[in-house]
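# Structural overview for review
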Amino acid sequence: QSLEKAQDQLRAFSTAWAALEIFTNKVFAKYEENFVEGISKEHNSHGVNEFLDRISEVMKDKYRLTDKFSLIASFLSDDVSADIAQFKRLKDMRDDISHGKEFDEIRLPVEDARKLVAKYLKLHMLAQDALQS
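Here's a quick rundown of the structure. (Residues numbered from 1 in each chain as written. Predicted model: local features only at pLDDT ≥ 70, side-chain atom pairs only at ≥ 80, totals over all residues. Heavy atoms only, no water.)

## Considerations on the packing of helix 3 (residues 65-76) against helix 4 (residues 80-98)
Quick note on the threshold: Working convention: axes come from line fits to C-alpha atoms, limited for helices to the stretch in contact. Angles between N-to-C directions cover 0 to 180 degrees. Segments assigned H or I by DSSP are reported as helices when at least four residues long, segments assigned E as strands when at least two residues long, and all are numbered from the N terminus. An angle counts as roughly parallel when it lies under 35 degrees, as roughly antiparallel when it exceeds 145, as roughly perpendicular when it falls between 65 and 115, and as oblique in every other case. A crossing counts as left-handed when the near helix is turned anticlockwise from the far one by less than a right angle, and as right-handed when that turn is clockwise. In this analysis, two residues are considered to be in contact whenever any of their non-hydrogen atoms come within 4.5 Å of each other. Residue polarity follows a fixed list, in which Ala, Val, Leu, Ile, Met, Phe, Trp, Tyr, Cys and Pro are nonpolar, Asp, Glu, Lys and Arg are charged, and the others, Gly among them, are polar.
At a minimum axis separation of 10 Å, helix 3 and helix 4 run at an interaxial angle of 155°. Between helix 3 and helix 4, the interaxial angle falls into the category roughly antiparallel. Between helix 3 and helix 4 lies a crossing of right-handed hand. Each of Leu65, Thr66, Phe69, Ser70, Ala73 and Ser74 in helix 3 lies in contact with helix 4, whose residues at this interface are Val80, Asp83, Ile84, Phe87, Lys88 and Lys91. Taken together, the residues of the contact of helix 3 with helix 4 break down into six nonpolar, three polar and three charged.

If you want it as structure tokens, here you go:
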């Protein structure tokens with residue numbers, strides 16, 4: 001819907017943001033698992049593994065969306081800092097709109113949101129293809 005030219009800027013931004021948020025929530029568990037496995041292998045210790053299991057259990061539903069995206073970006077992007085900053089900016093804009101703050105519809109970063117979600121969808125698919133090869 002974000003790509004439809006008949007959409008207004010607010011709807012285009014909202015749908016692009018929704019795609020980014022859904023993507024982040026859907027794929028996070030895979031990257032969290034890879035992250036925890038990497039630490040576990042590096043510190044092959046029963047105590048470390050118990051600690052990691054406990055952290056995973058406690059944090060299961062406590063990660064903020066930006067935390068999730070940051071981990072995904074650290075696995076997929078060569079420009080992690082810029083992508084995280086972009087994600088935060090987009091999220092702040094979405095939060096402002098959701099909380100009723102004034103905004104200029106013409107200046108909504110629709111294209112930035114579209115590009116970020118497209119970039120990460122592509123990088124994620126390529127990463128999955130590489131793992132299967």
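## Section: helix 3
Convention followed: One less than the number of residues in a helix, times 1.5 Å, gives the span that helix is expected to have. For every residue, the accessible area obtained with a 1.4 Å probe (protein chains only) is divided by the maximum for its type, and the residue is called buried under 20%, exposed over 50%, and partly exposed between those limits.
For helix 3, built from twelve residues, the straight-helix expectation of 16 Å at 1.5 Å per residue is met to within 8% by its first-to-last C-alpha distance of 17 Å. Extensive coverage of helix 3 is indicated by the burial of nine of its twelve residues. Of the residues making up helix 3, those classed as buried are Leu65, Thr66, Lys68, Phe69, Ser70, Leu71, Ile72, Ala73 and Leu76.

## So, the nonpolar core
Our working definition: We call a set of buried residues a nonpolar core when its members are Ala, Val, Leu, Ile, Met, Phe, Trp, Tyr or Cys and they connect through side-chain atoms within 4.5 Å of each other.
By size, the foremost hydrophobic cluster in this structure holds 25 residues, and its most contacted members are Leu20, Phe69, Ile72 and Tyr120. Looking at this core, the elements that each hand over two or more residues are helix 1 (9-42), helix 3, helix 4 and helix 5 (110-132). Sorting elements by how many residues they give to this core places helix 1 first, with nine residues. Sequence-distant contacts of leucine 20, defined by excluding residues within four places in its chain, comprise Phe69, Phe87, Leu90, Leu116 and Val117.

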